[in-house]
Amino acid sequence: MMNEATIRFVTEHREDDVRALALKERGNGEIDLPWALDQIQGWQTARRKLPSWAATEGIIYPPHLSMEQCSSERTAIYKCGIVERLPQECRETLIDLTGGFGVDFAFLAKNFGQAFYVERQAHLCEVASHNCELLGLNHATVINADAEGVMNAPSHYFRNVHLASTLIYLDPARRDNNSNRTYAIADCTPNVLELLDPLFRAARYILIKLSPMLDWHKAVSDLGEHVAEVHIVSVANECKELLILLSAEHTGAPDIHCVNDDQRLIYPHHGEQCAPSIADDERANFLYEPNASIMKAGCFGILTQHYPVKALAADSHLFVSSNAVDGFPGRRFVITEVTTMNKKELSRAMNGITRANVATRNFPMTAQQLRQRLRLQDGGDWYIFGTTRADGQRVVYICKKG
């Protein structure tokens, strides 16, 4: 109910706690309180997740679940970077078959001459129509339909669309009919695997957003030989998205893009992962922890090929070097002490440290158990890693950021 009283209520209470507002306010005949609370909570989420939208007056936000599931501005901009590397002639038409709140659509559409937003939920289509106008997307067409129906009769929905100049984008819903989370491609809606043939008949490129929980090797296997690129995208060292670009013309090995903020590692995927080079002595001054995207990719052998580092052990996923290595996709630490779990050695090595950030890799204790064993408070400037070296010895690395 977008009447003046409701809009005024939203503006006046935009900074307020939504739960407190819901308990305190009863609303009246003029104010649609549930809608107003969605707008207040949506704007508060957008301020963190979509700052440019939060700064645009009049944007309508969907209910909380849609806001939490939508892409962030940073990941939407990243997708634009994928599109901008495609040949110019392939950027005439965008078809987003799973429009949702429309964040990815709005950012991607700016790169195309015409753009079609497809969404099966009518209320989201109304939101998208309103927001597209505010965002200056005058070339956008909103279609209230499901992806399967559109792909079964594309000529009915799209006029003057040429296969060679079209990109189709999909972000399949990852919840079943009971609102339980799903991850496998075949369990999402729409099932992209069943749509591959009509998708390739309608577009030259297909970009798919999948759950970051999904095994990307399985996704590549399921989607077949036309997988051109796999993008594992992290923000602030938290894996956010798995993106797969398919090309009708591609039949070789896909390139794997591991991304965490400004850190990038790109390598060709040739089936089995290569084993990392293992450190064969203890003369290390620096320790490296790979970022979340590298951990998700599992490309530990690639790291030792691209950077002058060696793994402490095949399964420890920590790396060392004698000299400082710049550009490593992760965090670098200066090693100050290395000790076994011997009580006297530990006591000497800790040397009065009472607070530290503790992590364990391939170690018989959890980080919490090791912290308790060392009687440490959490945080501070020290970093302690419990791990196992290639010779099987359990060791503790005491480090500072480097």
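Our structure is the block above this text.
1. A word on the overall build of the protein chain
Secondary structure summary: the protein chain contains 16 helices and 16 strands in total. For the protein chain, the spread of C-alpha atoms along the three principal axes comes to 70 × 60 × 35 Å. Buried positions account for 50% of the 402 residues belonging to the protein chain. Contacts in the protein chain between residues at least 24 apart in sequence constitute 65% of all its contacts with a sequence separation of at least 6. When the accessible area of the protein chain is evaluated, it comes to approximately 19,300 Å², of which 46% is carbon and sulfur surface.

2. What to know about helix H15 (residues 343-350)
Of the positions making up H15, those classed as buried are Leu346, Ala349 and Met350. Seen along its axis, H15 keeps its buried residues to an arc of 95 degrees; they face one direction. For H15, exposure combined with an orientation more than 90 degrees from the buried face picks out Lys344, Ser347 and Arg348. On the buried face of H15, the contacting elements are strand E13 (330-340), helix H16 (367-374), strand E15 (377-388) and strand E16 (394-401). At the N-terminal end of H15, a side-chain oxygen is found 3.0 Å from the backbone nitrogen of Lys344, two or three residues along, and the residue is Asn342.

3. Quick word on the packing of helix H1 (residues 4-12) against helix H3 (residues 33-49)
With their axes 9 Å apart at the nearest point, H1 and H3 run at an angle of 35 degrees to one another. The interaxial crossing formed by H1 with H3 has right-handed handedness. Residue-level contacts link Thr6, Phe9 and Val10 of H1 to Leu33, Trp35, Ala36, Gln39 and Ile40 of H3. Among the residues forming the contact of H1 with H3, the class breakdown is six nonpolar, two polar and no charged.

4. Here we look at the pairing of strand E6 (residues 227-235)
Burial analysis of E6 places nine of its nine residues in the buried class, which makes it a mostly covered element. Sheet topology note: the E6/strand E7 (residues 238-247) ladder contains eight bridges and is antiparallel. By the bridge assignment, Val227 is partnered in E7 with Leu246. Where E6 hands over to E7, the hairpin turn is made up of two residues, of which Ala236 adopts a positive phi near 50 degrees. With six bridges joining them, E6 and strand E8 (residues 255-260) adopt parallel strand pairing. Paired with His231 across the strands is His257, a residue of E8.

5. Topic: the nonpolar core
Core analysis: the largest hydrophobic core is formed by 53 residues, its most contacted members being Trp53, Tyr61, Leu94, Phe101, Val103 and Leu167. Broken down by element, this core gets its largest block of residues, seven residues, from H3. Among all residues touching Leu167, those that are not within four sequence positions of it are Val83, Leu86, Cys90, Thr93, Leu94, Ile95, Phe112, Tyr205, Ile206, Leu207 and Leu245. If you look at the next biggest cluster of nonpolar residues, it comprises 52 residues, including Ile206, Cys258, Leu265 and Phe328.

6. Side note on the sheet that holds strand E9 (residues 263-268)
Taking strand neighbours across the sheet as the criterion, the nine strands line up as E3-E2-E1-E4-E5-E7-E6-E8-E9 in an open arrangement whose pairing is mixed. Of all strands in the sheet, those bounded by a partner on one side alone are strand E3 (140-144) and E9. The mean angle between the axes of side-by-side strands here comes to 15 degrees, regardless of whether they run parallel or antiparallel. Strand direction decides the pairing type here: strand E1 (residues 93-96) and strand E4 (residues 166-170), joined by four bridges, are parallel. Bridging from a neighbouring strand, Leu94 pairs with Leu167 of E4. Packed on one face of the sheet, helix H11 (residues 192-202) meets E4, strand E5 (205-210) and E7 and runs near 165 degrees to E4. Relative to the sheet, helix H12 (residues 216-223) contacts E5, E6, E7, E8 and E9, its axis offset from that of E6 by approximately 155 degrees.

7. Overview of empty space enclosed by the protein
Enumeration according to the criterion identifies one cavity of 30 Å³ or more in this entry. Roughly 40 Å³ of volume is contained in the largest cavity. Around the largest cavity sit Trp53, Phe101, Gly102, Phe105, Ala106, Tyr117, Ala128, Asn131, Cys132 and Leu135, which together line it. Considering only residue class, the lining of the largest cavity consists of eight nonpolar, two polar and no charged.

8. Let's talk about the pattern of salt bridges
Scanning all chains against the criterion turns up 17 salt bridges. Measuring nitrogen to oxygen at the nearest pair gives 2.6 Å for the salt bridge that ties Glu289 to Arg331. Of this pair, Glu289 sits in strand E10 (residues 286-290) while Arg331 sits in strand E13, placing them 42 residues apart in sequence. Classification of Glu289 by relative accessible area gives buried; the value is 8%. The partner of Asp378 in a salt bridge is Arg371, and the shortest N-O contact between them spans 3.3 Å. In this structure Asp378 comes out as partly exposed when scored by relative accessible area, which is 49%.

Criteria and thresholds
- Residues numbered from 1 in each chain as written.
- Predicted model: local features only at pLDDT ≥ 70, side-chain atom pairs only at ≥ 80, totals over all residues.
- Heavy atoms only, no water.
- Helix = DSSP H or I, 4+ residues; strand = E, 2+ residues; numbered from the N terminus.
- Buried < 20%, exposed > 50% of the residue type's maximum accessible area, 1.4 Å probe, protein only.
- Contact = heavy atoms within 4.5 Å.
- Areas by Shrake-Rupley, 256 points an atom, 1.4 Å probe, with all protein chains shown as cover.
- Arc of directions from axis to C-beta.
- Polar contact = N/O pair within 3.5 Å; in protein donor to acceptor, adjacent residues only side chain to side chain.
- Axes fitted to C-alpha atoms, helices over the stretch in contact; angles between N-to-C directions.
- Left-handed = near helix turned anticlockwise from the far one by under 90°.
- Nonpolar A, V, L, I, M, F, W, Y, C, P; charged D, E, K, R; others polar.
- Pairing = 2+ DSSP bridges.
- Core = buried A, V, L, I, M, F, W, Y, C linked by side-chain atoms within 4.5 Å.
- 1 Å grid on protein atoms, 1.4 Å probe; cavity = no way out; pocket = protein on both sides within 12 Å on 5 of 7 lines; lining within 4 Å.
- Points joined across faces, edges and corners; volume = space filled by probe spheres on them.
- Salt bridge = Lys/Arg side-chain N within 4 Å of Asp/Glu carboxyl O.

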